[in-house]
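# Structural characterization, general
Spelled out from the first residue to the last, the chains are:
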Amino acid sequence: GLNFRDVLNVLGAYPGDPGPPGGDCAGLVVASWTGSSLQSGDAVFGYGVAPLASSCLTTEPVIARKPAAMTFEQASTLPTVWNTVHDSLRSSKTRALHIIFLHAAAGGVGLVGVEYTHWLRTRVLGTAGRPSKHRHLRQLAVRRMASSREAGPLAAGAAEQMRGQRMHMALNSLSNDFISATFAMLTEGSHFAEIGKVSTWSHER
């Protein structure tokens, strides 16, 4: 699998040490250790060490059996984006009818976030840039949307759609003024999950 972190990695644009390229993978077990529940020939997906090669080393707690209905290519796209969304929402104690602020909702993590929040039966306000992305999100039953191009129009559009309500949780990947605009839309006791890498706020701020 290839995700955005890998692209930033090879371009030298990732802040800090991203580690070696790769992480998400799917394939066939060719050898396993004594006591493993997996055997040679089993189809699995999850995380591996340097899995952009033709073979890689992994450990059983970070892989799972691949569903038969899913191709290896499909399975290799899942681990990072799904774990990112799950970890972000798990600590927020999000429940049905809460309102989630989902930035870059048409991106990789964003699309998983839309599916995940539908599963939780929450309400979503998603941001996206191009009109084509807004149309795609409407097809996925995202009823409330705002721009991710400028923070001012985002705040105005989101406030108009919320009609005095506040959001319970934000999954943020945007930077600069978008962060303060997002905080302004949250209610007391809400949660802010940061997965961005540029101009992020400190924990104290």
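Data block above holds the structure.
Quick look at the environment of Leu186 now. Mapped onto the elements, Leu186 comes out in strand β8 (residues 186–194). For Leu186 and Trp33, which are 153 residues apart along the polypeptide, the C-alpha to C-alpha distance reads 49 Å. Not counting residues within four places of it along the chain, the set of residues in contact with Leu186 comprises Arg166, Met167, Met169, Ala170, His191 and Phe192.

Among the nonpolar cores identified, the biggest contains 17 residues, and Val85, Leu102, Val114, Leu137, Val142, Met169 and Leu171 are the most heavily contacted of them. Of all the secondary structure elements, the ones that give two or more residues to this core are α3 (79–90), β4 (99–102), α4 (108–120), β5 (123–128) and β7 (167–172). Once residues within four sequence positions are removed from consideration, Val142 is found in contact with Val114, Val124, Gly126 and Leu137.

For an α-helix, the turn length of 3.6 residues means that residues three or four places apart are oriented alike. When we look at burial in helix α7 (residues 177–184), the residues that qualify are Phe178, Ile179, Ala181 and Thr182. The buried residues of α7 occupy an angular sector of 165° when the element is viewed end-on, so they sit on one face. Looking at the buried residues of α7, the elements they touch are β4, β6 (144–147), α6 (151–162), β7 and β8.

Scanning the entire structure with this criterion turns up four aromatic pairs. On the basis of an interplanar angle of 50° and a centroid distance of 6.0 Å, the ring pair of Trp82 and Tyr116 is categorised as tilted. In this pair, Trp82 sits in helix α3 while Tyr116 sits in helix α4, placing the two residues 34 residues apart along the sequence. Overall, Trp82 belongs to the partly exposed group, its relative accessible area being 28%. Seen in terms of ring centroids, Tyr116 and Trp119 are 5.3 Å apart; in terms of plane orientation they differ by 80°. Their pairing is edge-to-face. Placement of the pair is Tyr116 and Trp119 together in helix α4, with a separation of three residues, close to one helical turn. The class of Trp119 is exposed, set by a relative accessible area of 62%. Grouped by ring-pair contacts, the aromatic residues Trp82, Tyr116 and Trp119 constitute a single cluster. Sitting over the ring of Phe72, Lys66 keeps its end group 4.7 Å from the ring centre.

Let's shift gears to the sheet that holds strand β3 (residues 63–65). Strand order in the open sheet formed by three strands is β1-β2-β3, with antiparallel pairing between adjacent strands. With partners counted over all chains shown, the strands left at the sheet margins are β1 (24–28) and β3, one partner each. Here the strands of the sheet are splayed against their neighbours by 20° on average, with no regard to which way each runs. Note: strand β2 (residues 43–47) against β3, three bridges, orientation antiparallel. Across the sheet, the residue bridging to Val44 is Arg65, located in β3. Running at roughly 55° to β2, α3 makes contact with β1 and β2 of the sheet.

Conventions adopted
Every chain is numbered independently, its residues counted from 1 as its sequence is written. With pLDDT at 70 or above as the cut-off, local features in this predicted model cover only qualifying residues; side-chain atom pairs require 80 or more to be listed or tallied, and sums for whole chains, interfaces and linings still use all residues. In computing side-chain values, all of the structure's heavy atoms are included and hydrogens and water are not. Secondary structure elements follow DSSP: runs of H or I of four or more residues count as helices, runs of E of two or more count as strands, with numbering from the N terminus. Any two residues whose heavy atoms approach within 4.5 Å at even a single point are treated as in contact. Throughout this description, the term nonpolar core refers to a set of buried Ala, Val, Leu, Ile, Met, Phe, Trp, Tyr and Cys residues connected via side-chain atoms within 4.5 Å. The buried label goes to any residue with under 20% of its type's maximum accessible area, the exposed label to any with over 50%, and the partly exposed label to all in between, with areas taken from a 1.4 Å probe on protein chains only. Starting at the helix axis, one direction is taken to each C-beta atom, and the arc is that of these directions. When two rings of Phe, Tyr or Trp (its six-membered ring) have centres within 6.5 Å they constitute a pair, described as stacked for plane angles under 30 degrees, edge-to-face for angles over 60, and tilted for the intermediate range. Geometrically, a charge over a ring is one whose NZ (Lys) or CZ (Arg) sits within 6 Å of the ring centre while staying within 35 degrees of the ring normal. Paired strands, in this sense, are two strands between which DSSP finds at least two bridges. Orientation is described by lines fitted to C-alpha atoms, with helices fitted over the stretch in contact, and by angles between N-to-C directions that extend from 0 to 180 degrees.

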